[in-house]
Amino acid sequence: MKKLNYILVGLAGLLLLACGTQKPSGSANAEKGLKHYYQPFFPMGVAVAPRDLSGVNADFIRKNYNSITSENAMKMGPIHPKENNYYWKDADSIVSFATKNNLKVRGHALVWHEQTPVWLFKNADGSQVSKEVLLQRMKDHIFTVFNLYKGKIYAWDVVNEAIDDDSTNFLRNSPWYQIAGEDFIAKAFEYAHEADPNAKLFYNDYNAVRPEKRERIYRLLKKLVDAKVPIDGVGIQGHWSIFEPSEAELRKAIEQYSSLGLDVQITELDMSIYPWEKERRAKRSGESDELTPELEQKQIDQYSKVFKIFREYRKNITGVTFWNISDRYSWLDSYPVPGRKNYPLLFDANLKPKKAFWEVVNFK
Ligand code: GLA
């Protein structure tokens with residue numbers, strides 16, 4: 001009897017080892033995409049470019065996601081290059097792909113200090129515009145974009161990254177702030193709400209789980225909520241790494257933001273294999289950019305940890321969006337170290353699920 005027990009335990013062990021983090025057997029699982037596993041929790045989204053919307057990439061998106069975001073196409077620079085000239089083609093292709101395939105669309109982003117068009121802050125003579133002119137331009141932009149996509153874009157990042165990187169400051173000293181002061185934030189939400197009262201309106205930022213920045217974001221959001229500014233949620237960008245965030249920090253951030261009555265979305269998720277760096281720099285000689293088994297295991301653990309927490313907070317979290325579709329291309333391949341490969345997503349360069357994927361869909 002004892003012997004039989006040993007054999008059974010041994011067999012079970014072997015079976016476990018064989019399954020491990022590998023793809024589970026059975027065709028039902030192979031057919032299931034990420035969105036199917038997360039159906040009971042929240043929509044799964046991905047940032048796309050028009051080039052992703054045909055062939056195998058399109059099939060891949062349809063299979064795995066039920067929400068898409070434009071990686072660049074709806075930013076003010078690309079979509080509104082001249083004051084009286086909009087470039088709709090790329091954004092249109094994303095919205096029409098979504099409509100055809102029954103996907104939700106998150107709009108990104110209305111008011112941001114980067115990728116702005118050159119005309120935005122200047123008069124025709126090159127001088128800086130007044131606050132009134134800037135707010136009018138902002139309003140025209142928001143109304144024009146919203147009029148075109150009303151009812152097709154369910155949520156928008158209305159203001160992106162307004163908090164300063166320097167923890168001793170509050171708001172970023174951007175041209176928006178220099179010209180219009182703190183008001184530009186509330187105004188952006190007010191115009192957006194006026195243009196489409198049904199759109200869900202978000203404030204979106206990075207490092208939003210780090211305690212010092214979390215406190216400043218919370219302060220901003222609380223001011224907006226207290227002033228009855230029409231804001232629905234906060235986007236935690238989720239440009240994270242195998243080194244952060246900790247479980248306690250992530251829980252605290254979700255709880256603190258939710259305490260304001262706001263929805264929380266994870267809007268730009270990727271899990272770098274390198275520590276966070278913001279300054280651009282050249283690749284150091286001999287600096288390795290291999291996904292070693294050790295790094296991969298850390299990434300598996302980190303992805304598994306954050307998704308377990310997301311599932312726990314399903315009442316507060318109304319969406320999770322990855323930033324880029326697979327390790328074939330990520331913005332982190334060229335930022336902040338040009339030419340350094342990164343592997344931050346759940347799918348490898350051939351669009352195959354990585355071990356981290358199987359952990360994320362394994363609800364132990
Ligand atoms: C920020 C922006 C995104 C994108 C990333 C890098 O997070 O919100 O739109 O530009 O940087 O791709």
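Per chain, residues are indexed from 1 in the order of the written sequence. For a predicted model such as this one, the threshold for reporting local features is a pLDDT of at least 70, and the threshold for listing and counting side-chain atom pairs is 80 or more; totals across whole chains, interfaces and linings nevertheless cover every residue. Side-chain descriptors were evaluated using all non-hydrogen atoms of the structure, hydrogens and water having been removed beforehand.

### Some points on the overall build of the chain
Secondary structure is summarised from DSSP: a helix means a run of H or I of at least four residues, a strand means a run of E of at least two, and numbering begins at the N terminus for each. Helices and strands together make up the secondary structure of the chain, namely 13 helices and nine strands. Over its C-alpha trace the chain gives a radius of gyration of 22 Å, about what one expects of a compact globule, namely 21 Å for 364 residues. Dimensions of the chain along its principal axes, counting C-alpha atoms only, are 90 × 45 × 45 Å. Taking all 364 residues of the chain together, 53% fall into the buried category. Only heavy atoms matter for contacts: two residues are in contact if any of them lie within 4.5 Å across the pair. Counted over contacts in the chain with a minimum sequence separation of 6, partners at least 24 positions apart contribute 77%. Both definitions apply: the radius of gyration is a C-alpha atom measure, and the globule rule equals 2.2 Å times residues to the power 0.38. Throughout this description, buried means an accessible area under 20% of the type-specific maximum (1.4 Å probe, protein chains only), exposed means over 50%, and partly exposed covers the range between.

### Topic: the environment of Ala 58
Position of Ala 58 relative to the elements: it lies in helix 4 (residues 55-64). Put simply, Ala 58 and Val 264 are 206 residues apart on the chain and 27 Å apart in space, counted from C-alpha to C-alpha. In this view, Ala 58 contacts Asp 52, Leu 53 and Phe 97; residues no more than four positions away in its chain are not counted.

### Quick look at the environment of Val 56
With respect to the helices and strands, the residue Val 56 is situated in helix 4. On the basis of relative accessible area, Val 56 is assigned to the exposed category, the value being 61%. Counting along the chain gives 239 residues from Val 56 to Leu 295, while the straight-line C-alpha distance between them is 28 Å.

### Observations concerning the pattern of salt bridges
The salt bridge criterion pairs a side-chain nitrogen of Lys or Arg with a carboxyl oxygen of Asp or Glu, the two atoms within 4 Å. Scanning all chains against the criterion turns up 22 salt bridges. Between Arg 137 and Glu 83 there is a salt bridge, and its shortest N-O distance comes to 3.5 Å. A residue pair is termed long-range when its members are at least 10 positions apart, and Arg 137 in helix 7 (residues 131-149) and Glu 83 in the loop between helix 5 (76-79) and helix 6 (89-101) qualify at 54 residues. You can call Arg 137 buried: its relative accessible area is 10%. Two residues, Asp 327 and Lys 354, come together in a salt bridge whose shortest N-O distance is 2.7 Å. Note that Asp 327 is positioned in the loop between strand 9 (317-322) and helix 13 (355-360) and Lys 354 in the loop between strand 9 and helix 13, a separation of 27 residues in sequence.

### Side note on the site of the ligand
Proximity criterion: a residue is near a molecule or strand once any of its heavy atoms comes within 4 Å of it. Taken together, Lys 75, His 108, Trp 112, Gln 115, Asn 160, Glu 161, Gln 237, His 239, Glu 268, Trp 323 and Trp 331 form the complete shell of residues around the ligand. Any pair of N or O atoms that falls within 3.5 Å is considered a polar contact. Within protein, one atom must be able to donate a hydrogen and the other to accept it, and sequence-neighbouring residues count only if both atoms are side-chain atoms. Between Lys 75 and the ligand, the recorded distance is 2.8 Å, taken from a side-chain N or O atom to an oxygen atom. Take Glu 161: an N or O atom from its side chain is 3.4 Å from an oxygen atom of the ligand. Using the Shrake-Rupley algorithm and a 1.4 Å probe, accessible areas are obtained, with residue cover drawn only from the displayed protein chains. Calculation on the ligand without its partners gives an accessible area of 300 Å², and the protein chains cover 89% of this total. Residues are grouped as follows: Ala, Val, Leu, Ile, Met, Phe, Trp, Tyr, Cys and Pro are nonpolar; Asp, Glu, Lys and Arg are charged; all remaining types, including Gly, are polar. The class makeup of the residues in the shell around the ligand is three nonpolar, five polar and three charged.

### A word on the packing of aromatic side chains
Classification of ring pairs uses Phe, Tyr and Trp, with its six-membered ring standing for Trp, and accepts pairs whose centres are within 6.5 Å; under 30 degrees between planes counts as stacked, over 60 as edge-to-face, and the remaining range as tilted. If you walk through the whole model with that rule in mind, you get 23 aromatic pairs. Relative to Trp 358, the ring of Phe 357 has its centre 4.8 Å away and its plane inclined at 85 degrees; by these criteria the two rings are edge-to-face. Take Phe 357: its relative accessible area is 1%, and that puts it in the buried class. The buried category is assigned to Trp 358, whose relative accessible area is 8%. One aromatic cluster is present, built from ring pairs that chain together Tyr 38, Phe 41, Phe 42, Trp 240, Tyr 303, Phe 307, Phe 310, Phe 322 and Phe 363. Counted as over-ring charges are cases with an Arg CZ or a Lys NZ within 6 Å of the ring centre that also lie within 35 degrees of the ring normal. Of note, Lys 213 hangs over the ring of Tyr 206, and the distance from its end group to the ring centre comes to 3.7 Å. Positioned above the aromatic ring of Tyr 343 is the side chain of Lys 341, whose terminal nitrogen or guanidinium carbon lies 5.8 Å from the ring centre.

### What to know about the nonpolar core
Note on soluble globular proteins: their nonpolar side chains tend to be buried together. One finds Phe 307, Phe 310 and Phe 322 to be the most contacted residues of the largest nonpolar core, which totals 103 residues. In terms of residue count, the dominant contributor to this core is helix 9 (residues 183-195) (eight residues). If we ignore the near neighbours within four places in the chain, the residues touching Phe 310 are Phe 42, Trp 240, Leu 250, Ile 266, Leu 269, Ile 317 and Val 320. Within this scheme, the nonpolar core is defined by two criteria: the residues are buried Ala, Val, Leu, Ile, Met, Phe, Trp, Tyr or Cys, and they are joined through side-chain atoms within 4.5 Å.

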